[in-house]
Structures are given as structure tokens and as C-alpha cells.
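# A look at the structure
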Amino acid sequence: MKTTVWKLSAFASALILAGCGGSSTTETATSAIDSLSKISGTVPGTLIEAFCADGSYYKVKSTDNNTNAHPFEIEIPNTVSCSLVMTTNEDNATTRVITQIGMITSDSNGTLFTATNDIDLGNIPLAMDPSDIKDANGDHVSDDILHIQVDGDRIKIEIENPLDDDNDGLVNVYEDDDDDSISNYYDDDDDGDGIRDSDHGGEDDDNDNDNIKKNDKDFDGDGIDDEHDVDDDNDGKHDDDDDKHDDDDDKHDDDDDKHNDDDDKHDDDDDDSYNTPAVILLPTNYTANEGRLLGSQCAQCHGTNGISVNDWDSIAGEKNLLDEIFDDEPIMNAQAHGYTNQEILLIGNWLKTLKK
Amino acid sequence: MKTTSSSRRNFMKFVGVSSLVAVTPMMAADTNTPHIVVVGGGFSGATCAKYLKMWGGSSVNVTVIEENPTYVSPILSNLVLNGQKTTSDLSFTYGGLSSKYSINMIHSIVNNVDKKAKTLTLANGNSVKYDKLVLAAGIDFIKVNDYDITKVPHAWKAGEQLNILKEQLDAMVDGDTFTMTIPAAPYRCPPGPYERACVVADYLKNTKGFSNAKVTVLDANPNITVEADTFGAKFVEYGVEYKPSTTVTAVDDNTNTLTYTEDSVSKTLSSTVLNVIPNQKAASIIFTAGVNTGNWAPVNPLSYESVMTNGIYIIGDSQGTGQPKAGHIGNSEAKICADAILRTLNGIALLTSPKTNSACYSPTSATTASWLSAVFKYDSSSQSMVPSHVKAGPSATSNYKKMFLWSENLFSDTFS
């Protein structure tokens, strides 16, 4: 994603903002968090959401004060890093514009930050019309991050963003994983598997494109495993409070104090850190395969049998291995030079037999 | 996290209550199924067990004997020191691997290896019979004298040791000193000590904001052993004092004082925090089994079978092929070994041109990392593994995130 820097001090209100759809509802999580920081500012009629690294979720709508600058205040924990996303015309699928907010301090920038103090972001010039943003895939999510300059003493920028698996700055929930021009947030079927995400009562818990139909560890797809996610369905309520306040949601609640999901529908049953299938079909006898042995040496970086657990390439089913490995990451290129063409051919032939 | 206890593992816990009964797990129905026992559940041992079952399936029974129910990865562990990771972030349990691949787990220590009877005696009194034995037990330390490692930690096996060093580091105030010693090669994870010096120096200087904290590195080796350009430049940037060719001769845990030799002169140095990483040798079971020559275990690199005893294989840090001792290549060796064992059990000739690889990302600060990559090939004339292509990548912020992509897939390929 590209970056647009917005300097507060340099802002002159030259934008004509129209069509503010602002209401004034506010929904902020009440929780066990002791200390909150208040993020405030003014926007066009906007939904402001905060996705936080402990899995908690906060949202607020700006208040329509009959001007072009609707005030908002959102309280987020002051010890947990969070990422802000702002959506204008949020109730209208054809005109909504979704903007990932970034923060710039004198020495750092990023989309995940801990607000150690209250911050006034001033007036934020969000786009109101989809035609005003760069949006290559048409999912209404701006391809540019709107960076706002803030005092580095008031926030701490975090480098590693658990809410952003592909490290492009945009939080996972607003990615468009199946590239259907509908961002995951609004997509009934994030991963394009033909099974609606909302059919949780059936076989599909799969909001997060990890191809795990059962035992899904990250129900809300925010990148925080349910076990560590204090709000595993992103309903704005901490799971510990959910049972009392949110009866429609008993599948993802938590009766204990560990924020995990005791109903086992979204748990990590196989007791490892990665949600791979609990049992696999093992062969009844050994068959020698030189390409498989050579290719198994790719797994340290690309995953067992070519299935990566993260954003590094899965290579199962790879058809153009020779082109890929010499025209890629420097470290891949360095590794590739250690193999003969005959060995690469054997590895390639084996990879073609693997299912993606 | 949940622990799934399969009936199989419960079975294993309670068999052989009478300590003299030899146990062959899961062989009641089919006594012809070969039983492969892997001692050690780290990067090489866990990978070997997984791939033996993934490729050999029900044609083999596989048991892992590992002392600890939870494994803490040394890979990324220097990030515990600067607070970017915790030891629990780097912890792995075996329940998933065990149930997914039908691997028997025993959490105990092997006290004795009877090579004639092919039987192991465990600290819990049980005995386990094997057809093939894989030793993947890592390293042991050669301390220069007896001192308390809770006062002078090595932190070179992750877990408690690392947390001790972290506490000592966090108790430092500006003006204090941090001194670490680097063992003579070969030792576990060649870039690791230099990486640690960088991470600690960056943490003290840039995170804690100390302008007068001093980091000193005493290196038993004549030069920085790997990525010398990268680490050398970082030492200059951080003001790390680097003393090569120094030999530690004594450690005093009461006064936190080192005695060491530099240019044939004996010197002493006291430090607020003392992190002595001792010289290393193969794990004690290698010596118990009598498959060592000197400090390490010589093996045939086509199979990792001991050149001293048939049917015993040594992979990971204990093996003596000259390949680096580190998690990524331990995983790599384990696959060659697993495939070779399965070939041997099936009467199929060993491959004569195995390839292994080593790769690692090293953090050099809280936001940057470097990398080192190597592929090893078999040289038939010397019957050894030789590096065929080695390359280093410079310290850069772009490598920092890739470090986690690498480690996640490595962790998953090993423990899941």
C-alpha cells in the first residue's frame, strides 16, 4: 500500500465534504481494561473502528453536528496496540469508502500503535466518494493509507502487526482475500469457498481464509487467535462480558477468564500453534521418491508439503519452479543456486503432484 | 491450550511398571512392525518423527522420548531479551504432532542404552525396545569450573535460563556493564551470540536509553565466525567492545568476575551482568551410547547412521559432519535421516547425493535483521557434506518481518 501523509499542522480545510451520513450512536466496549486513551477528531460522517492486538474491537460513529466536520471520540486501551479504520457512507454499499489510518511520528510510522495518551487527530480529510480514492480491485477500500502526523510522546508505533498478516498496512478484516471486489468485512464468503461465513451452525467456521472448516482458531479473522482474542467475534464486547450482555452470541463466548472458546467450535483442538488438520491420512507403506526428499527441504520456509502457514508462498502445485526460484527473494535465489537443474526438475515434478 | 491425551499415550505412561519388563509399544498386534525410537524432541528429533510417519505411515511405529512436555525454541529467543517475544511465545507442545501423525510420546530421560539388546532404560524405570534408534538430543556444555548458572546464565538453551538473563538485563541501570563470552566453534547456532550482542546493545541504548551502558564480547574464536561484515559494522555502531581470541579460564559467580586469557596474558573482568556461553559438546546420551569420537558423533551423511554402531542414527547438534549446529539444518538432516531409515527398512539403496540446507534470519536490533543461507551437498571423495553455495544478506528492516515468516513455517514444519 502506498502512503499519503497528512500533516495536522499543514491542513487547511479546503475540501468540500458532502453527503454526511452521520448518526450519533456510540458503541464502546466496557471491559476489564483499566486505562483507556481517548482518540478524538473530526471527520465527515464516519464509522471509526479500532482493531486491537488483544483481539478487542471498538467502534463509534461520528456525531452529526450539521457541519462538514463531525466530532468523534473513541476510547481504546492505553496498553494495547490498535489500528484505526475509518469508513464514510458506511451504510451504502455503492458509495462507502474505507480508509486505513496510519500514524507518523518524528521517527517512525505504521498502522498499529499504542495510544499511551489521549490524542486529538484534528480534522481528518477522509474521501467521501469511491471515485476519489485509488482502489485497484474495486472493494471500496483505499489502496492508500492515510497517515496522520502525531506527537511521538503520545503514541508508540508497533513494528510487528498481528492484525496484518501480509504486512501491507491494511488490517486483515478489510482485505479482500478472494479478490471478489468485496472486502472481507462485508463479504459473506471471504474465501470464496461457496459456503457462507455466517453458516456457523453448519460446517463452516471459516471467516479467515485459512481453509479450516472446523476447529477454526480465529473466528473473526482479525489475525488474533480466539485463544488470545478477548473479543473473538468482534462484536465490541469482551468475551468475558458476552454471556451477560450478548445472548445472541453464545457460540463464541467464554465462561472462563482465559478468553478462549470453550464450546470447541473455534478452538485449536490439536494443541499446536497452527491450525492444521488434527489427523492426516498416513500411507500404509513407504515408497521411495527422490523429488519428494529434495522438495521436503523447501518446507522449512514454504511449509510442509508446500503449504505455507503465512504470507510466504505456498509452493504446492507450483508449475514454474525454475522461473520462480531464480527470480524472487535474494534468500530464495541464494538457495536456488545450491541445486542442479536436474534436482530442480525433480522437485518441480513432485510439487506439481501436490494439492494447493 | 488444550492437551489431548490419546489412549495410546496413556498406554505408554503405564506400561512397564515393573522396570525390568522390556516394552515395545503398540506392537501387540503386529510384532513385525519396526519400532523407531527418537530421543529428543527439538528441531531435528520432532521433524524426524513426523517425516518417518508421514512417509512410512503404518509400516513403522515411532516413539519420541523427550524430557520436557514443552519445548522452548532457541530460534528467535534473543528477542525475549529485548521484550519482543516471551518464552511462552516460543513454546511448543507435542499433543498435536503426536495425534496427527500417530507418534508415541514419552516424557522421560534415557539413562542407559543397551546396544546389544537394543533397549533403552528410562529414568522413570521403564525400558523401551527399539529396532532403529535416532539420537537428536542437542548439546551439552563444557564449563570451565563449577559455578551457579542461575547467577551466571548461559541462556543458550531457551526457557528458564533465558528468563534469568532477561531479568538481569532489565535490572541494569545506566553505566552498568553486560559481558558475554562466545564459545569456540563448533557451537550451537553460529550467528546466535553475535546476534545476541547486537540485540542487547540496541536494547540498552535505544530502548532503555542508556548512553553509558557497556557491552563487551569475549570471543574464543579469532574472528567473528559468520556474517562478519554485518555484525562487525553493528558492533561499531553500538559501541560494543569486541575481544577476539580470548579464552575463559574461570568464572566466579559471587563477584561476577571472569578470568580469561588474551595474548597469552591472564586477565580478569567483572561485569554487572555476565552471560557465559560455555564451549559445547554432544548431548550426554551420545557418550552414554558410546557413539562419540571426541566431543561429537561421527555419522555417514547419506543416512546419519553412526559410523561406530549400526542402527543408531545421530542428527541435529550432536552429529559431527561439520554442518552447522542449528534448528533449520537440524530439520533438514532429519528428513534425510528419516528417508534413509525407511529405505533401509524396505531394502532400498540409499541416495548418494543428498542435499541439506541452512537458513536463518538474525535480529540485529528491534527493527532489523540479517540472513545467512547455505546449501550443503555430498562430496563422495571426502564422504562429507560440503557447502555448495553460501550467501549472506545485510541487516535491513525489510528482513525483520521476513524473519517471522521464516520461523513460523519452520516451527510449523517441525512441531505441527
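Residues numbered from 1 in each chain as written. Chains lettered and ligands numbered in written order. Predicted model: local features only at pLDDT ≥ 70, side-chain atom pairs only at ≥ 80, totals over all residues. Heavy atoms only, no water.

Turning our eyes to something else, we now look at the overall build of chain A. Tallying secondary structure elements over chain A gives six helices and 13 strands in all. The proportion of buried residues among the 356 residues of chain A is 52%. Across chain A, every contact between residues at least 6 apart in sequence was considered, and the portion connecting residues at least 24 apart equals 63%. (Helix = DSSP H or I, 4+ residues; strand = E, 2+ residues; numbered from the N terminus. Buried < 20%, exposed > 50% of the residue type's maximum accessible area, 1.4 Å probe, protein only. Contact = heavy atoms within 4.5 Å.)

Here we come to the sheet that holds strand β17 (residues 265-270) of chain B. All names here are of chain B. Spatially, β15-β16-β17 is the arrangement adopted by the three strands of the open sheet, whose pairing is antiparallel. The sheet is open, and its two edges are formed by β15 (246-252) and β17, each paired on a single side. If you compare each strand with its neighbour and ignore which way they point, the axes differ by 25° on average. Across six bridges, β15 lies against strand β16 (residues 257-262) in antiparallel orientation. The residue of β16 that forms the bridge with Thr-247 is Thr-261. (Pairing = 2+ DSSP bridges. Axes fitted to C-alpha atoms, helices over the stretch in contact; angles between N-to-C directions.)

Let us look at a negative patch on the surface. A cluster of like negative charges, contributed by Asp-313, Asp-323, Glu-324, Asp-327 and Asp-328 of chain A, occupies part of the molecular surface. With respect to the helices and strands, Glu-324 of chain A occurs in helix α4 (residues 321-326). (Patch = residues over 30% accessible without salt bridge, like charges linked within 9 Å, V, L, I, M, F, W, Y side chains within 5 Å. Areas by Shrake-Rupley, 256 points an atom, 1.4 Å probe, with all protein chains shown as cover. Salt bridge = Lys/Arg side-chain N within 4 Å of Asp/Glu carboxyl O. Lys, Arg positive; Asp, Glu negative; His and termini not counted. Charge placed at Lys NZ, Arg CZ, Asp CG, Glu CD.)

All names here are of chain B. Pairing is antiparallel across the open sheet formed by three strands, whose spatial order is β23-β24-β25. Each end of this open sheet is capped by a strand with a single partner; those strands are β23 (355-363) and β25 (384-396). Averaged over all neighbouring strand pairs, the angle between strand axes comes to 10°, with direction disregarded. In this sheet, β25 lies alongside strand β24 (residues 369-379) in antiparallel orientation, the contact comprising ten bridges. Its bridge partner lying in β25, Ala-369 is registered against Ala-396. Helix α9 (residues 327-345) contacts β23 and β24 of the sheet and is inclined by roughly 160° relative to β23.

Moving on, we come to unusual backbone geometry. Glycine aside, the phi torsion of most residues is negative, and most peptide linkages are trans. All names here are of chain B. Residue Ala-185 is joined to Pro-186 through a cis peptide bond whose omega torsion reads 0°. Mapped onto the fold, Pro-186 is located in the loop between β12 (177-182) and α6 (192-207). Phi is positive for Glu-227, which is not a glycine, with a value near 45°. Inspection of the secondary structure puts Glu-227 in the loop between β13 (214-219) and α7 (228-238).

So, about the interface of chain A and chain B. In this complex, chain A contributes 52 residues to the contact, which on the side of chain B involves 62 residues. Where chain A abuts chain B, roughly 5,200 Å² becomes buried across the two surfaces, and 53% of that area is made up of carbon and sulfur atoms. Remark: the boundary between chain A and chain B carries three salt bridges. A salt bridge links Glu-329 of chain A to Lys-402 of chain B, with the nearest nitrogen and oxygen atoms 2.9 Å apart. (Buried area = accessible area lost by both parts, 1.4 Å probe.)

With that out of the way, let us pick up the state of the cysteines. Applying the stated criterion across every chain yields a total of one disulfide over all chains. The disulfide that involves Cys-52 of chain A links it to Cys-82 of chain A, with 2.1 Å between the sulfurs. The chirality of the disulfide connecting Cys-52 of chain A with Cys-82 of chain A is right-handed, given an S-S dihedral of about 105°. One end of the pair, Cys-52 of chain A, is in strand β4 (residues 46-52); the other, Cys-82 of chain A, is in strand β7 (residues 82-88), and 30 residues separate them in sequence. For Cys-52 of chain A, a relative accessible area of 1% puts it in the buried group. Cys-298 of chain A supplies the cysteine sulfur nearest to Cys-301 of chain A, a cysteine that is in no disulfide, at a spacing of 8.9 Å. Sulfur of Cys-337 of chain B: no disulfide; nearest cysteine sulfur belongs to Cys-48 of chain B and is 4.3 Å away. (Disulfide = S-S within 2.5 Å.)

Let's shift gears to the nonpolar core. Ranked by internal contacts, the top residues of the largest apolar core, which has 119 residues, are Leu-52, Leu-120, Leu-133, Val-134, Leu-135, Phe-178 and Trp-406 of chain B. In terms of domain composition, this core takes at least three residues from each of domain 1 (5-67 + 107-138 + 283-350) and domain 2 (141-281 + 359-415) of chain B. Here Phe-178 of chain B is in contact with Leu-165, Leu-169, Met-172, Val-200, Leu-204, Lys-214, Val-215, Thr-216, Ser-271, Val-273 and Asn-275 of chain B, once residues within four sequence places are set aside. With 27 residues, the next largest nonpolar core counts Ile-74, Leu-84, Ala-115 and Ile-155 of chain A among its residues. (Core = buried A, V, L, I, M, F, W, Y, C linked by side-chain atoms within 4.5 Å. Domains from an automatic or database assignment.)

We now examine the packing of helix α5 (residues 160-170) of chain B against α6 of chain B. Any two packed helices are characterised by how steeply their axes cross, that is the angle between the axes, and by the distance between the axes. All names here are of chain B. Running from N to C, α5 and α6 cross one another at 35°; their axes reach a closest spacing of 12 Å. Here the hand of the crossing between α5 and α6 comes out right-handed. The residues of α6 that touch α5, namely those facing Leu-162, Leu-165, Lys-166, Leu-169 and Asp-170, are Arg-196, Val-200, Tyr-203 and Leu-204. The residue makeup of the contact of α5 with α6, split by class, is six nonpolar, no polar and three charged. (Left-handed = near helix turned anticlockwise from the far one by under 90°. Nonpolar A, V, L, I, M, F, W, Y, C, P; charged D, E, K, R; others polar.)

Here α5 of chain B has its buried residues at Gln-161, Leu-162, Ile-164, Leu-165, Lys-166, Gln-168 and Leu-169 of chain B. Among the structural elements, α3 (78-81), β12, α6 and β18 (273-276) of chain B are those in contact with the buried residues of α5 of chain B.

It is worth spelling out the pairing of strand β11 (residues 139-142) of chain B at this point. All names here are of chain B. Burial along β11 is one-sided: the face carrying Ile-139 and Phe-141 is buried and the face carrying Asp-140 and Ile-142 is not. Bridging between β11 and strand β19 (residues 279-282) involves four bridges; their strand directions are antiparallel. Paired with Asp-140 across the bridge in β19 is Lys-281.

Our focus in this paragraph is helix α2 (residues 43-56) of chain B. All names here are of chain B. Over its 14 residues, α2 extends 19 Å from the first C-alpha to the last, a length consistent with the 20 Å expected when each residue adds 1.5 Å. Counting buried residues in α2 gives 14 out of 14 residues, a clear majority hidden from the surface. Looking at the residues trailing α2, positive phi occurs at Gly-57, about 50°. (Expected span 1.5 Å × (residues − 1).)

Before going further, it helps to spend a moment on the side chain of Lys-53 of chain B. Considering the arrangement of structural elements, one finds Lys-53 of chain B in helix α2. You can call Lys-53 of chain B buried: its relative accessible area is 5%.

Next up on the list: the packing of aromatic side chains. Remark: the centre distance and the inter-plane angle together describe each pair of aromatic rings, the angle taken between the planes. Residue and element names in this part refer to chain B. Using the criterion set out here, one finds 17 aromatic pairs over all chains in the structure. Relative to Trp-55, the ring of Tyr-51 lies with its centre 4.9 Å away and its plane at 75°, an arrangement referred to as edge-to-face. A residue pair is termed a helical-turn pair when its members lie 3 or 4 positions apart in one helix, as Tyr-51 and Trp-55 do in helix α2 at four residues. Judged by its relative accessible area of 1%, Tyr-51 falls in the buried class. The interplanar angle of 80° and the centroid separation of 5.3 Å between the aromatic rings of Tyr-400 and Phe-404 together place this pair among those described as edge-to-face. One end of the pair is Tyr-400 and the other is Phe-404, both in helix α10 (residues 397-415) and four residues apart, which spans about a single turn. (Phe/Tyr/Trp six-rings, centres within 6.5 Å; stacked < 30°, edge-to-face > 60°.)

A few words now on the environment of Ala-283 of chain B. All names here are of chain B. Counting through the fold element by element, Ala-283 comes out in the loop between β19 and α8 (284-288). For Ala-283 and Phe-141, which are 142 residues apart along the polypeptide, the C-alpha to C-alpha distance reads 8.4 Å. The contact partners of Ala-283, leaving out residues within four places of it in the chain, are Ala-137, Gly-138, Ile-139, Asp-140 and Ser-318.

Time to look at the environment of Ile-341 of chain B. All names here are of chain B. One can find Ile-341 in helix α9. With 209 residues separating them along the chain, Ile-341 and Lys-132 place their C-alpha atoms 7.9 Å apart. With residues near it in sequence (within four places) discarded, Ile-341 still touches Ile-36, Leu-52, Lys-132, Val-134 and Tyr-313.

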